[in-house]
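In case you want the letters, here they are:
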Amino acid sequence: MFKSLEIFKASHAMATHAATRQAVVAENMANADTPKYQARDIAPFKEVYRSQEGNSAMRVTREGHTGGALEARSASPFESKLETSPNGNSVSLEEEMLKSVEVKRQHDRALAIYKHSLGVIRTSLGR
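Residues numbered from 1 in each chain as written. Predicted model: local features only at pLDDT ≥ 70, side-chain atom pairs only at ≥ 80, totals over all residues. Heavy atoms only, no water.

### A word on the pattern of salt bridges
Overall, the coordinates contain six salt bridges when judged by the stated rule. With its nearest N and O atoms 2.9 Å apart, the salt bridge here joins Arg21 to Asp41. With Arg21 in helix H1 (residues 6-30) and Asp41 in strand S1 (residues 40-41), this residue pair connects regions lying 20 residues apart in the sequence. Each of the two residues, Arg21 as well as Asp41, counts as buried. A salt bridge links Asp41 to Lys99; the nearest nitrogen and oxygen atoms lie 3.5 Å apart. Of this pair, Asp41 sits in strand S1 while Lys99 sits in helix H3 (residues 93-125), placing them 58 residues apart in sequence. When sorted by exposure, Asp41 lands in the same class as Lys99, which is buried. Within the structure, one salt-bridge network assembled from shared partners comprises Arg21, Asp41, Glu96, Lys99 and Glu102. (Salt bridge = Lys/Arg side-chain N within 4 Å of Asp/Glu carboxyl O. Helix = DSSP H or I, 4+ residues; strand = E, 2+ residues; numbered from the N terminus. Buried < 20%, exposed > 50% of the residue type's maximum accessible area, 1.4 Å probe, protein only.)

And the structure:
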């Protein structure tokens, strides 16, 4: 019963997205001095969520109840359009550091949603 709660799927999808974006940001930072390297990024979670929300069909999880399914899926990195340095590299360490902080906040938010949801379930069970 608890495996199919949408709130847990949403928090898992958010945490997975944060991990994927952190990997892309780390790769950008590692290649900050590589000539002709183009910085990459992935779409923010809210855009992924909206696109998934609009394309997914409603499904019945039990009689008298409908809900949309939010699955964790990998986002495709794309080249970001930033200024390039004389050697052709488009990585800005300042921008990547800001993205890294944003990703940490997103991951912390996903964990907070998960923990709070577990607390609600525990309270409802009287534990």
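Now that the structure has been shown, the text picks up again.
### Notes on the packing of aromatic side chains
In total, this model carries one aromatic pair according to the counting rule given. Seen in terms of ring centroids, Phe8 and Tyr114 are 5.2 Å apart; in terms of plane orientation they differ by 70°. Their pairing is edge-to-face. Of this pair, Phe8 sits in helix H1 while Tyr114 sits in helix H3, and the two are 106 residues apart along the sequence. Overall, the relative accessible area of 37% leaves Tyr114 in the partly exposed class. (Phe/Tyr/Trp six-rings, centres within 6.5 Å; stacked < 30°, edge-to-face > 60°.)

### What to know about unusual backbone geometry
The phi angle at Lys36 is positive, at roughly 65°, despite the residue not being glycine. Among the structural elements, Lys36 can be located in the loop between H1 and S1. According to the relative accessible area criterion, Lys36 is exposed, its value standing at 67%.

These values are about where atoms sit, not about what they do.
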